[in-house]
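Residue-level structural notes
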Amino acid sequence: MQLTEGGIYHVFNRGNNRGVIFPRQQNYQYFLKGVEKCIKAYCDILAWCLMPNHFHFLVHANKFSTPMIQDGSFGRQRFSQGIKQLLSSYAKAINKQEGRTGSLFQQKTKCVHVNDSEHDYSLTSFHYVHQNPLRAGLVDRMEDWEFSSFREYMGEGNVMLCNLELARELLDLDLNRFYDEAYRVQEVSYTCQV
């Protein structure tokens, strides 16, 4: 995954063989603490959603995202290294908790540039991330899913990971219309197969 400063990216991955990655309620909280430590320092998070067998982040690459660092014989951008550290440490913890071995996540975390020079799907992606629990039938209302930034934008979130001001600016969000816009059917015109 190669980020460009100023780009907006939809980052997602799922459990290996589509398996559950959050087997217990407290696992969501543990993962979010890892996001705070390993991801938030290297990007601006605009939206996020954790689902039982996958996750989504909409991130803005900033000056901390793109510097290269050495990881053994490999060079990686700071953001990519943060993702690697998050998934690796989380997988180790879940394997220990569940008495299992092997890969928890699919091999490659996907990263789609949603505001490239030809198209800007940033706002569509933003709503798509929040609509995931509703589309999956896990809740009847987006605000009922506690593991999403939707509540942050409603002013009701317990977890505050997003840069709300930057999201308002970059996505031209009007918080007075946010709720109604979030419930409109949005079509994602780029490939996002989780």
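Residues numbered from 1 in each chain as written. Predicted model: local features only at pLDDT ≥ 70, side-chain atom pairs only at ≥ 80, totals over all residues. Heavy atoms only, no water.

**Remarks on the overall build of the chain**
Counting its secondary structure elements, the chain contains six helices and six strands. For the chain, the N- to C-terminal ordering of α and β elements is β-α-β-β-β-β-α-β-α-α-α-α. For 194 residues, the compact-globule formula gives about 16 Å, and the C-alpha radius of gyration of the chain, at 16 Å, lands near that figure. With the principal axes as the frame, the chain shows a C-alpha extent of 45 × 35 × 30 Å. Residues counted as buried form 47% of the 194 residues belonging to the chain. In the chain, 71% of the contacts between residues at least 6 apart in sequence involve partners at least 24 apart. For the chain, the accessible area works out to roughly 10,000 Å², and carbon and sulfur atoms hold 45% of it. (Helix = DSSP H or I, 4+ residues; strand = E, 2+ residues; numbered from the N terminus. Rg over C-alpha atoms; globule rule 2.2 N^0.38 Å. Buried < 20%, exposed > 50% of the residue type's maximum accessible area, 1.4 Å probe, protein only. Contact = heavy atoms within 4.5 Å. Areas by Shrake-Rupley, 256 points an atom, 1.4 Å probe, with all protein chains shown as cover.)

**Remarks on the pattern of salt bridges**
Counting across every chain of the model gives seven salt bridges. In this structure, Glu98 and Arg24 form a salt bridge, with 3.4 Å as the shortest nitrogen-oxygen distance. Residue Glu98 is located in helix α2 (residues 78-98), and its partner Arg24 is located in the loop between β1 (8-14) and α1 (25-38); the two are separated by 74 residues in the primary sequence. By relative accessible area, Glu98 is classed as partly exposed at 35%. One salt bridge in this structure joins Arg141 and Glu143, with 3.4 Å as the shortest N-O distance. In the salt-bridge network here, residues are joined through shared partners; they are Arg141, Glu143 and Asp144. (Salt bridge = Lys/Arg side-chain N within 4 Å of Asp/Glu carboxyl O.)

**So, the environment of Tyr42**
Structurally, Tyr42 is set in the loop between α1 and β2 (44-51). Apart from the residues within four sequence positions on either side, Tyr42 is in contact with Asn62, Phe64, Ser65, Arg78 and Phe79.

**Some remarks on the state of the cysteines**
Taken as a whole, this structure holds zero disulfides when the rule is applied. Not part of a disulfide, Cys162 finds its nearest cysteine sulfur in Cys43, a span of 9.8 Å. (Disulfide = S-S within 2.5 Å.)

**As for the packing of α1 against α2**
It is at 9 Å that the axes of α1 and α2 come closest, and there the two elements cross at 155°. By the angle between their directions, the pair α1 and α2 is classed as roughly antiparallel. Classified by chirality, the crossing of α2 by α1 is right-handed. From α1, Asn27, Tyr30, Phe31, Gly34, Val35 and Cys38 reach across to α2, where they touch Gly82, Gln85, Leu86, Leu87, Tyr90, Ala93, Ile94 and Gln97. (Axes fitted to C-alpha atoms, helices over the stretch in contact; angles between N-to-C directions. Parallel < 35°, antiparallel > 145°, perpendicular 65-115°, else oblique. Left-handed = near helix turned anticlockwise from the far one by under 90°.)

**Examining the environment of Arg76**
Along the chain, Arg76 turns up in strand β5 (residues 74-77). By relative accessible area, Arg76 is classed as partly exposed at 24%. Sequence separation between Arg76 and Gln2 is 74 residues, and the spatial gap between their C-alpha atoms is 8.5 Å. Ignoring anything within four residues of it in the chain, the contact list for Arg76 reads Pro67, Met68, Ile69, Asp71, Gln81 and Lys84.

**Structural notes on the side chain of Asn62**
Mapped onto the fold, Asn62 is located in the loop between β3 (54-60) and β4 (68-71). Residue Asn62 is classed as buried on the basis of its relative accessible area of 13%. A polar contact of 3.2 Å, which involves the side chain of Asn62, links it to the side chain of Asp44. The residues contacting Asn62, other than those within four sequence positions of it, are Glu5, Tyr42, Cys43 and Asp44. (Polar contact = N/O pair within 3.5 Å; in protein donor to acceptor, adjacent residues only side chain to side chain.)

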